[in-house]
Amino acid sequence: MSYSYPIDEQYWSKEEIIDVVNFYNLVEQAYEKGVNRDDLMIAYTRFKQIVPSKSEEKKLTSQFEKESGYSSYRTIKKAKESSPGDKVKMS
């Protein structure tokens, strides 16, 4: 990994930073080897608690996609279309 995660160290607590990094990590895993849909949705729900603003979410996930090439939006969309217990694998 030769990029950094978009995080807001100024306003987020250490726990919030860890939770956001976990969400980004699960998006990465969905592309690299697949991830449990339920784990991803739990991480996304926590991400939304930390970043409730739609515009801020879009800004951060766009930054993440620009840096990594992984789309959080497409990954969550696929997870929402999947059944509980499914594995989400992006191609």
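First, a word on scope: everything that follows refers to the structure included in this document. Being a predicted model, the structure only gives us computed values, none of them experimental.

1. Thoughts on a positive patch on the surface
- On the surface, a cluster of positive charge is contributed by Lys 33, Arg 74, Lys 78, Lys 87 and Lys 89.
- With respect to the helices and strands, Arg 74 occurs in helix H4 (residues 72-81).
- Arg 74 sits in the partly exposed class, given a relative accessible area of 42%.

2. As for the packing of helix H2 (residues 37-50) against helix H3 (residues 54-68)
- Here H2 crosses H3 at 120°, and the two axes come no closer than 10 Å. By the angle between their axes, H2 is oblique relative to H3. Crossing of H2 over H3 shows right-handed handedness. Packed against H2, whose contacting residues are Tyr 44, Phe 47 and Lys 48, the element H3 presents Lys 54, Glu 57 and Thr 61 at the interface.
- Broken down by class, the residue content of the contact of H2 with H3 amounts to two nonpolar, one polar and three charged.

What counts and how
Residues numbered from 1 in each chain as written. Predicted model: local features only at pLDDT ≥ 70, side-chain atom pairs only at ≥ 80, totals over all residues. Heavy atoms only, no water. Patch = residues over 30% accessible without salt bridge, like charges linked within 9 Å, V, L, I, M, F, W, Y side chains within 5 Å. Areas by Shrake-Rupley, 256 points an atom, 1.4 Å probe, with all protein chains shown as cover. Salt bridge = Lys/Arg side-chain N within 4 Å of Asp/Glu carboxyl O. Lys, Arg positive; Asp, Glu negative; His and termini not counted. Charge placed at Lys NZ, Arg CZ, Asp CG, Glu CD. Helix = DSSP H or I, 4+ residues; strand = E, 2+ residues; numbered from the N terminus. Buried < 20%, exposed > 50% of the residue type's maximum accessible area, 1.4 Å probe, protein only. Axes fitted to C-alpha atoms, helices over the stretch in contact; angles between N-to-C directions. Parallel < 35°, antiparallel > 145°, perpendicular 65-115°, else oblique. Left-handed = near helix turned anticlockwise from the far one by under 90°. Contact = heavy atoms within 4.5 Å. Nonpolar A, V, L, I, M, F, W, Y, C, P; charged D, E, K, R; others polar.

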